[in-house]
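# Structural overview
These are the residues of each chain, in order.
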Amino acid sequence: MAEPPEEPPEGPPEEPPEEPAEGPPEEPPEGPHEGPPEGPPEGPPEEPHEGPPEEPSDWLPEEEPWDRLSEQQWDESPDERWGEPEIHSPAELAQRRAEERAARRRVGRQRLLVLLAGVIALVVIIVLVTGSGGGSPTPSNTVPAVTKAAGTGSGPGHLGAGSDAAAVPTNILIADRNNNRLVVVSPLGRVVWSSAELSPSDAYFSSSGRSIVVTQHLNAVVLLRGVDSGRIDYSYGHANIPGSGDDRLRDPQTGHLTVTGQIVIADLGNCRILFVRKPSHVPVSHLGNGPCVHGPPTSFAEPDAAFPTSDGGLVVTERNPGWIDVLSKTGTLISQTRLATFSQPYDANEFAPGKLIVTDRTHPGTVEELSAATGSATAGKVIWSYSPKSGAGELKDPTLAIVLADGDVLVADSLNDRVIVIDPKTDKIVWQYGHTATPGSTAGYLHTPESVDLLP
């Protein structure tokens, strides 16, 4: 007679090895087994499988029992949870696992949708931000983008003998008047960019470096040219039709784009300073009431230049008689400095608060740094003067000088057909582009350079 079956250990009893294809499992036969029953297998009972194997992508590691407790299990008492477990059939276990996998897939899909929505939102924001920068009617005054004028050029450099490329911090824009062109050269003397331009007397970058304000004083026109496009984006004045009304100029000398988006023009023949803004051809405002006499800011004696200052004001050069007037951003007079020894003062500009530099367009020419007159005084204090009477350093009708960051001075030595850098500590020329008093149009040559400007 067979021994009675052992008491089942704690935990789920051995499930029958086979699962019926349809419906609940058959009840085990009553009565004792032939031989002792097998003990429970280690771990959960193996799940029967029928049909094609499950896709590998559906497999996820088993979660801890804590994560699989259903709300119904949490509603049970601790004795019911941790005492004798409820016996489930293999079909029920299979169904529960299928539900768990389906729930995990739903959560995964939800997370993927959230991630995709975030990526799409980020792309939309980037497009909106980068695509909305062209609404201003004036060139950008923010950090400059790379333009063709910012290149390095190629081929050999064309500097004068003994030139030190390190003396020039960045590319230089030159108004090469009698070659009818604008040209940008690198510190190594390579031509980086050029553009045909009819008799440019002055040319200055916008603060972004993407536009150039060009003055054609013989044609009575000031225009705004795009560096990369080469197009004329705006012009004020009618070519070869001088006048004093709206959209008319008479011998304009300089034009600069200000931080406010206005172009300030020294209209010498009308003895006034004009402020215009694209696309309008009606002046925004002006300084000077017509009489060509020294009386800033009401009247000016042949204003040769109007250079913006770092604080929004202006430095105005009066040619006859010679004065430098410093005006505030509201147009009030801050200082007036008499240039008693200058015969043709040109293009005075401020290189530090209260510090000015100006050229005397004569032969031999002069470059002078001075402090502006203060109070009721009209005489400035000379800081440095350069005026060799002969030799390689002699200047011939210099038109513009700019103080560089290290204190060296960049000069347009116009009738010597060259642009040079002078070291004020030694009074030596340390950089030169162009052949002295030898005009030409090929690389390394200039013909009457009227102005210079540094790429921002």
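Here the structure is shown first, and the text comes after it.
Reference entry: report on the structure contained in this document. Fair warning: this is a prediction, and the values are worked out from it, not measured in the lab. (Residues numbered from 1 in each chain as written. Predicted model: local features only at pLDDT ≥ 70, side-chain atom pairs only at ≥ 80, totals over all residues. Heavy atoms only, no water.)

### Structural notes on the side chain of S328
- On the secondary structure map, S328 appears in the loop between β14 (323-327) and β15 (333-338).
- Of the residues examined, S328 reaches a relative accessible area of 19% and is grouped as buried.
- Within the structure, S328 has its side chain in polar contact with the side chain of T332 (distance 2.7 Å).
- Once you skip the residues sitting within four places of it in the chain, S328 turns out to touch G313 and I334. (Helix = DSSP H or I, 4+ residues; strand = E, 2+ residues; numbered from the N terminus. Buried < 20%, exposed > 50% of the residue type's maximum accessible area, 1.4 Å probe, protein only. Polar contact = N/O pair within 3.5 Å; in protein donor to acceptor, adjacent residues only side chain to side chain. Contact = heavy atoms within 4.5 Å.)

### Observations concerning the pattern of salt bridges
- By the definition in use, this model includes 8 salt bridges.
- Where R361 meets E450, a salt bridge forms, and the shortest distance between an N and an O atom there is 3.1 Å. One end of the pair, R361, is in the loop between β17 (355-360) and β18 (366-371); the other, E450, is in strand β24 (residues 449-454), with 89 residues separating them in the sequence. Grouping residues by exposure puts R361 and E450 together as buried.
- The salt bridge involving R418 is made with D413; its shortest N-O contact spans 2.8 Å.
- Judged by relative accessible area, which is 1%, R418 ranks as buried.
- Salt bridges sharing common partners tie together R177, R361 and E450. (Salt bridge = Lys/Arg side-chain N within 4 Å of Asp/Glu carboxyl O.)

### As for the sheet that holds strand β13 (residues 314-318)
- Ordered in space as β12-β13-β14-β15, the 4 strands form an open sheet in which the pairing is antiparallel. Both outer strands of the open sheet, β12 (303-308) and β15, are each paired with one neighbouring strand and no more. Adjacent strand axes in the sheet meet at a mean angle of 15°, parallel and antiparallel pairs treated alike.
- Relative to β15, β14 is paired through 5 bridges, and the arrangement is antiparallel. Opposite V326, over in β15, you have S335 as the bridge partner. (Pairing = 2+ DSSP bridges. Axes fitted to C-alpha atoms, helices over the stretch in contact; angles between N-to-C directions.)

### Topic: unusual backbone geometry
- A cis amide bond, omega 5°, links K278 with the succeeding residue P279.
- In this fold, P279 is placed in the loop between β10 (272-276) and β11 (285-287).
- Cis geometry is found at the peptide bond from H363 to P364, where omega equals -5°.
- One can find P364 in the loop between β17 and β18.
- Phi angles above zero are rare outside glycine, and S199 is one such case at about 45°.
- Look at A437: it is not a glycine, yet its phi comes out positive at around 55°.
- As for its placement among the helices and strands, A437 is situated in the loop between β23 (428-433) and β24.

### Some details on the packing of aromatic side chains
- Inspection of every chain in the model, using the stated rule, returns 2 aromatic pairs.
- The interplanar angle of 75° and the centroid separation of 5.5 Å between the aromatic rings of Y204 and F307 together place this pair among those described as edge-to-face. Taken together, the residues Y204 in strand β4 (residues 202-205) and F307 in strand β12 connect sequence positions 103 residues apart.
- The residue whose ring lies beneath R361 is Y346, and the NZ or CZ to ring-centre distance is 5.1 Å. (Phe/Tyr/Trp six-rings, centres within 6.5 Å; stacked < 30°, edge-to-face > 60°. Lys NZ or Arg CZ within 6 Å of the ring centre and 35° of its normal.)

### Thoughts on the sheet that holds strand β5 (residues 211-216)
- Taken in spatial order, the 4 strands make up an open sheet running β4-β5-β6-β7, and their pairing is antiparallel. The sheet is open, and its two borders are formed by β4 and β7 (232-236), each paired with just one other strand. This sheet shows a mean twist of 15° between the axes of neighbouring strands, independent of strand direction.
- By the bridge criterion, 6 bridges tie β5 to strand β6 (residues 221-226) in an arrangement that is antiparallel.

Function-wise, these values are silent; they only describe arrangement.
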